[in-house]
Amino acid sequence: MSIWYFLSVWLHVILAAFWIGGMLFLPLVILPGIRNHPDRIRILYDTGIRFRFFGWIVLAGLLVTGLLNARLRGFTLNADFFSVSNYGRLVAWKIGIFTLILLLSGAHDWVFGNKALEEMQEAADQRLRLMARWSGRINLLLGCMMAFLGLLLSRGGQLPG
Ligand code: HEM
């Protein structure tokens with residue numbers, strides 16, 4: 001396997017770490033850290049917007065390096081690839097789950113997240129806040145599933161026995 005394959009998997013893993021780490025950092029570090037801060041909503045808003053910017057770049061990078069990983073491992077990405085081998089079927093699953101992540105991130109970033117913060121400012125109802133929280137949690141879970149599928153792929157697509 002060429003050096004490019006290793007570089008592509010390396011970058012893919014760094015991007016995955018950023019994506020999953022970023023989603024954990026907000027609820028585990030930032031939220032408790034600013035709980036009693038008078039400017040809490042503004043800080044949340046500003047950090048959220050920053051993470052959103054890098055988050056979408058990272059998701060694009062994960063798609064590109066993910067497809068490159070398979071290509072540089074010697075596979076041709078045609079219909080047979082996605083249906084014949086375990087490796088191809090797992091990549092098809094990753095693309096399916098990735099589409100869900102994109103949809104959920106779009107809803108989280110542009111619908112629930114922003115609106116929830118606006119409503120928090122007005123101390124209005126908590127429904128959107130709950131949806132923002134749960135779309136974030138489900139995305140974290142899907143991200144962890146993607147890492148597990150990636151781990152199976154890197155070991156040739158063998159399922160654990
Ligand atoms: C949230 C998104 C994603 C996360 C968190 C993620 C995570 C990972 C991780 C951690 C690995 C490396 C595992 C290891 O080396 O043991 C991996 C490998 C891999 N990922 Fe992803 N991934 C994501 C998106 C994608 C997408 C969109 C594709 C596109 C098709 C993809 C295709 C692959 C492939 C083919 C490998 C295996 C490379 C090899 O053969 O060694 N990934 N992924």
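Our subject is the structure that appears above.
None of the values given here were measured: they were computed from a predicted structure.

1. Describing the overall build of the protein
Line of reasoning, step 1. In terms of helices and strands, the protein carries 5 helices and 0 strands.
Line of reasoning, step 2. Listed N to C, the secondary structure of the protein is α-α-α-α-α in terms of helices and strands.
Line of reasoning, step 3. In terms of overall dimensions, the protein has C-alpha extents of about 55 × 30 × 30 Å along its principal axes.
Line of reasoning, step 4. Relative to its 161 residues, the protein shows a buried fraction of 33%.
Line of reasoning, step 5. The contacts in the protein between residues at least 6 apart in sequence include a share of 70% that link residues at least 24 apart.
Line of reasoning, step 6. Of the accessible surface of the protein, which amounts to about 10,100 Å², a share of 70% is contributed by carbon and sulfur atoms.
Line of reasoning, step 7. Between the mean site of the 15 positive side-chain charges and the mean site of the 8 negative ones, the protein shows a separation of 12 Å.

2. A few points about the site of the ligand
Line of reasoning, step 1. Close to the ligand lie 26 residues, the nearest being Tyr5, His12, Arg73, Tyr87 and Lys94.
Line of reasoning, step 2. At 2.3 Å, a side-chain N or O of Tyr5 approaches an oxygen atom of the ligand.
Line of reasoning, step 3. Interatomic distance of 2.5 Å between a side-chain N/O atom of Tyr87 and an oxygen atom of the ligand.
Line of reasoning, step 4. When contributions to the shell around the ligand are tallied by element, the ones reaching two or more residues are helix H1 (3-33), helix H2 (40-72), helix H4 (86-121) and helix H5 (127-154).
Line of reasoning, step 5. Ranked by residues supplied to the shell around the ligand, first place goes to H5 with 7 residues.

3. Overview of the coordination of the iron atom of the ligand
Line of reasoning, step 1. Within the protein, the atoms that donate to the iron atom of the ligand are His12 (NE2) and Lys94 (NZ), at distances of 2.0 Å.
Line of reasoning, step 2. Classification of the site at the iron atom of the ligand as octahedral follows from its 6 donor atoms and the range of 81 to 179 degrees in their angles at the metal. Of this pair, His12 sits in helix H1 while Lys94 is found in helix H4, placing the two residues 82 residues apart along the sequence. The same class applies to His12 and to Lys94, which are both buried.

4. Some details on the packing of H1 against H2
Line of reasoning, step 1. Their axes nearest at 8 Å, the elements H1 and H2 cross at an angle of 155 degrees. Comparing the axis directions of H1 and H2 gives the class roughly antiparallel. The way H1 lies across H2 gives a crossing that is left-handed.
Line of reasoning, step 2. In the contact of H1 with H2, the residues fall into 20 nonpolar, 9 polar and no charged.

5. With respect to the packing of aromatic side chains
Line of reasoning, step 1. Per the stated rule, a full pass over the model turns up 8 aromatic pairs.
Line of reasoning, step 2. Ring centres of Tyr5 and Phe6 lie 5.3 Å apart, and the angle between their planes is 75 degrees; on these two criteria the pair is classed as edge-to-face.
Line of reasoning, step 3. Arranged with centres 6.2 Å apart and planes meeting at 15 degrees, the rings of Trp19 and Phe51 form a pair that is stacked. With Trp19 in helix H1 and Phe51 in helix H2, this pair connects stretches of sequence that are 32 residues apart.

6. A closer look at the pattern of salt bridges
Line of reasoning, step 1. For the structure shown, the criterion picks out 1 salt bridge.
Line of reasoning, step 2. The shortest N-O distance in the salt bridge between Arg42 and Asp46 comes to 3.3 Å. Separated by 4 residues within a single helix, Arg42 and Asp46 lie in helix H2, roughly one turn from each other.
Line of reasoning, step 3. Since its relative accessible area comes to 42%, Arg42 is described here as partly exposed.
Line of reasoning, step 4. Owing to a relative accessible area of 39%, Asp46 belongs among the partly exposed residues under this scheme.

7. Quick word on the nonpolar core
Line of reasoning, step 1. Membership of the largest hydrophobic core comes to 21 residues, with the highest contact counts inside it found for Trp19, Leu59, Leu62, Tyr87, Ile97 and Ile101.
Line of reasoning, step 2. Sorting the residues of this core by element identifies H1, H2, H4 and H5 as the ones contributing at least two each.
Line of reasoning, step 3. Other than its neighbours up to four places away in sequence, Leu59 contacts Trp19, Phe98, Ile101, Leu102 and Ser105.

8. Some remarks on the environment of Arg127
Line of reasoning, step 1. Locating Arg127 in the fold gives a position in helix H5.
Line of reasoning, step 2. When the C-alpha positions of Arg127 and Gly66 are compared, they lie 36 Å apart, and in sequence the two are 61 residues distant.

So, how was this worked out
Residues numbered from 1 in each chain as written. Predicted model: local features only at pLDDT ≥ 70, side-chain atom pairs only at ≥ 80, totals over all residues. Heavy atoms only, no water. Helix = DSSP H or I, 4+ residues; strand = E, 2+ residues; numbered from the N terminus. Buried < 20%, exposed > 50% of the residue type's maximum accessible area, 1.4 Å probe, protein only. Contact = heavy atoms within 4.5 Å. Areas by Shrake-Rupley, 256 points an atom, 1.4 Å probe, with all protein chains shown as cover. Lys, Arg positive; Asp, Glu negative; His and termini not counted. Charge placed at Lys NZ, Arg CZ, Asp CG, Glu CD. Near = heavy atom within 4 Å. Polar contact = N/O pair within 3.5 Å; in protein donor to acceptor, adjacent residues only side chain to side chain. Donors = N, O, S within 2.8 Å, 3.2 Å for Na, K, Ca; no water. Tetrahedral: all angles 85-135°; square planar, octahedral: opposite > 155°, others 65-115°. Axes fitted to C-alpha atoms, helices over the stretch in contact; angles between N-to-C directions. Parallel < 35°, antiparallel > 145°, perpendicular 65-115°, else oblique. Left-handed = near helix turned anticlockwise from the far one by under 90°. Nonpolar A, V, L, I, M, F, W, Y, C, P; charged D, E, K, R; others polar. Phe/Tyr/Trp six-rings, centres within 6.5 Å; stacked < 30°, edge-to-face > 60°. Salt bridge = Lys/Arg side-chain N within 4 Å of Asp/Glu carboxyl O. Core = buried A, V, L, I, M, F, W, Y, C linked by side-chain atoms within 4.5 Å.

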